[in-house]
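# Report on the structure
Each chain, written out:
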Amino acid sequence: MEKEFTSLIDQIKDYSPKANVEKIKKAWEFAKMAHTGQKRLSGEDFVFHPLRVATILATWKMDSTSIIAAFLHDTIEDGGARREDIVREFGEEVATLVDGVTKVTGLRLKGSRQEQFVENLRKMLLVMAKDLRVVFIKLADRLHNMRTLDSLPKESQLGNSMETLEIYAPLAERLGVGKVKGELEDLAFPYAYPDEYKKVKDMVDDYFKKTSAELDIETMRKAILSKLIKAGIKAEVQGRKKHLYSLWRKLLRPENDWDLAKVNDIMALRVFVPEITDCYVALGIIHNTYKPVPSIGISDYIAQPKPNGYRSIHTKVFGPKGKIIEFQVRTFQMHEEAEYGLAAHWSYSEVKGTGVSGDKLEKIETAGDKLSWVRQLISWQHELADTDEFINALKFDGLKHRNFIFSPMGDVYDLPVDATPVDFAYMVHTKLGNFIQGAKVDGRIVPLDYKLKSGQVVEILTSKNAKKPNAHWLEFVATNMARREINKQLNKIDKG
Ligand code: MN
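Residues numbered from 1 in each chain as written. Predicted model: local features only at pLDDT ≥ 70, side-chain atom pairs only at ≥ 80, totals over all residues. Heavy atoms only, no water.

## Brief notes about the coordination of the manganese ion
Quick note on the threshold: For Na, K and Ca the donor cut-off is 3.2 Å, and for all other metals it is 2.8 Å, counting N, O and S atoms only; because water is absent from this set, sites may look incomplete. Runs of H or I in DSSP of at least four residues are treated as helices and runs of E of at least two as strands, each being numbered from the N terminus. Partly exposed residues are those whose accessible area sits between 20% and 50% of the maximum for their type, while under 20% is buried and over 50% is exposed, using a 1.4 Å probe and protein chains only.
Only His-49 (NE2), His-73 (NE2), Asp-74 (OD) and Asp-141 (OD) from the protein coordinate the manganese ion, and they sit 2.2 to 2.3 Å from it. Taken in sequence order, the residues that donate to the manganese ion follow the motif H-x23-H-D-x66-D. You can see Asp-74 sitting in the loop between helix H4 (64-72) and helix H5 (83-90) and its partner Asp-141 sitting in helix H8 (residues 133-147), a full 67 residues away along the chain. For Asp-74, a relative accessible area of 9% corresponds to the buried category.

In structure tokens:
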């Protein structure tokens, strides 16, 4: 275990010489303390989980703050730690990230009704949008949970896999973290659709057994690589097999109709070069060696990047025996961005020492391409929930003017901006309002006229018996519902 931690530290120092190693070590000790004696369902010590989540983030070259938050991400929820401990030991920024991950985890998406699902999803995205790093920590957390899904009961396997396919994989794609999207989908596929998975897997195994596809690819790889080297370009060329899940989606399309021969990117070749101009030289070399397929031709996503920022040149050529093979040409940096998306920008800025910290959305937007997280978010939600109400809420209300308040159980309530714990109580249940004794916000006692802020967790402390609402509450409540209920109760009691 300690060995694994030490090599993680080496890995971090490697991409980020300025990383705060002392604080990362402290976070590791903190996590071990908080999870003492706890096991995962696999029988493994719990603390391996945060360690591996942190390691995933390190492969994405995330900043020290994210790594620290990864170590701590389950210490409140599952360990014995309190928020104030984290604030004291690691500061508010880390605590805020841990909060974000905890809240997202608490949101119930699995098995909820359609409307509820969409609502919770929207709210989840809002929490994450406050600091993009929450998304990456959550994705890493999900990735490790999916890698260890084996030891969970069958029901959870199915639930988690569906949620992964419906939420986390598309989220990874939207963020341009292509590598994570592919892995998440392939991990979920066998649990979510076991029969279809088996069918596709058998087809592909059979295909590679019967054809010389793998050999052909290797021949092509060597041919192109040696020509690039001769042209003086320090290139790398890799062969890659298509992910099974996305192959399945492709086979389902009517024009392919389960015919593997019609899918021409079961295997593809990737060419990595140092400079953008090298990409076009490489394209020339490829077309000189293998005839391009006339009708499907070239897509130049370098000249015209995809909406999620993806850049590459794709071309389909006739390989040996006339088989159509796809080439993808990109610079090393484009590749890193395609695999790790915005995560790559965090590392660039840390290396450069610009010190991106906190919820600096604008900084990310200027960090490289002009990818606007909020625009992404909104366009994604459009696809997911094409209900009038939903779109209107986004268009007219604007997200800023809404207050999303969480119950300790992870349920989310939509409240107006000046709402107080009393409004919240009546929103949860009219009866809860009649038992109000006090309120806690994010674990701290607050006065009842406290103005709630989006993202806060509110717990209503109740008295044993129903009691008369205070007439004074009418001066500060913000919702009609609370006002009506308070008046109703006051009248009732007056009448005796
Ligand atoms: Mn976790």
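## Details of the packing of aromatic side chains
Let me state the cut-off plainly: For Phe, Tyr and Trp, rings pair up if their centres lie within 6.5 Å, where Trp contributes its six-membered ring, and each pair is then called stacked (planes under 30 degrees apart), edge-to-face (over 60) or tilted (otherwise). Two thresholds decide whether a charge sits over a ring: the Lys NZ or Arg CZ must be within 6 Å of the ring centre and within 35 degrees of the ring normal.
Here the structure, examined in full by the defined rule, presents 14 aromatic pairs. Aromatic pair Tyr-301 and Tyr-310: ring centres 6.0 Å apart, planes at 65°, arrangement edge-to-face. Under the relative-accessibility criterion, Tyr-301 is labelled partly exposed at 23%. Residue classification places Tyr-310 among the buried residues on the basis of a relative accessible area of 16%. An aromatic cluster is built from Phe-189, Tyr-193, Tyr-197, Tyr-245 and Trp-248, whose rings are joined through pairwise contacts. Seen from the ring of Phe-90, Lys-26 lies directly overhead, with NZ or CZ sitting 5.3 Å from the centre. In this structure, Lys-199 packs its charged tip against the face of Trp-258, placed 3.8 Å from the ring centre.

## Digging into the pairing of strand E8 (residues 436-441)
We apply this condition: DSSP calls a pair of strands paired once it identifies at least 2 bridges connecting them.
Strand direction decides the pairing type here: E8 and strand E10 (residues 458-462), joined by five bridges, are antiparallel. What sits directly across from Ala-439, in E10, is Ile-460. Taken together, the three bridges between E8 and strand E9 (residues 444-446) define a ladder with antiparallel strand orientation. Bridging across to E9, Ala-439 finds its partner in Val-446. With antiparallel pairing between neighbouring strands as the criterion, E8 and E9 make up a hairpin whose turn holds two residues, including Asp-442 at a positive phi of roughly 50°.

## Here's the deal with the nonpolar core
Within soluble globular proteins, side chains that are nonpolar generally end up buried alongside one another. Here is the rule: Buried Ala, Val, Leu, Ile, Met, Phe, Trp, Tyr and Cys residues that are joined via side-chain atoms within 4.5 Å together make up what is termed a nonpolar core. Contacts are assigned to residue pairs that have any heavy atoms within 4.5 Å of one another.
In terms of nonpolar packing, the biggest core is built from 98 residues, with Trp-60, Phe-71 and Val-271 touching the most fellow members. Counting residues per element, this core draws most heavily on H8, at eight residues. Filtering out sequence-adjacent residues up to four positions away, Phe-71 remains in contact with Phe-5, Leu-8, Ile-24, Ala-27, Trp-28, Ala-31, Pro-50, Leu-51 and Ala-54. Val-446, Leu-452, Ile-486 and Leu-490 belong to the second largest nonpolar core, which has 22 residues in total.

## With respect to the sheet that holds E9
The strands making up a sheet associate through backbone hydrogen bonding, with each pair oriented either parallel or antiparallel. Worth spelling out the cut-off: The angle between two axes is taken between their N-to-C directions and runs from 0 to 180 degrees, where each axis is a line fitted to C-alpha atoms and a helix contributes only its stretch in contact.
With respect to topology, three strands assemble into an open sheet ordered E9-E8-E10, the strand pairing being antiparallel. The open sheet terminates on both sides in strands that have one partner only, identified here as E9 and E10. Put simply, the sheet's adjacent strands are angled 40° from each other on average, direction ignored. Where helix H20 (residues 421-428) meets the sheet, it contacts E8, E9 and E10, and its direction lies at approximately 80° from that of E10.

## Side note on the sheet that holds strand E5 (residues 324-331)
Taken together, the five strands give an open sheet; going across it, the order is E1-E2-E5-E4-E3, and neighbouring strands pair in mixed fashion. Each of the sheet's edge strands pairs with one partner strand only, and the pair in question is strand E1 (236-241) and strand E3 (298-300). This sheet shows a mean twist of 20° between the axes of neighbouring strands, independent of strand direction. In the packing of helix H12 (residues 213-230) onto the sheet, contacts are made with E1, strand E2 (267-273), strand E4 (313-318) and E5, and the angle to E1 comes to roughly 160°.

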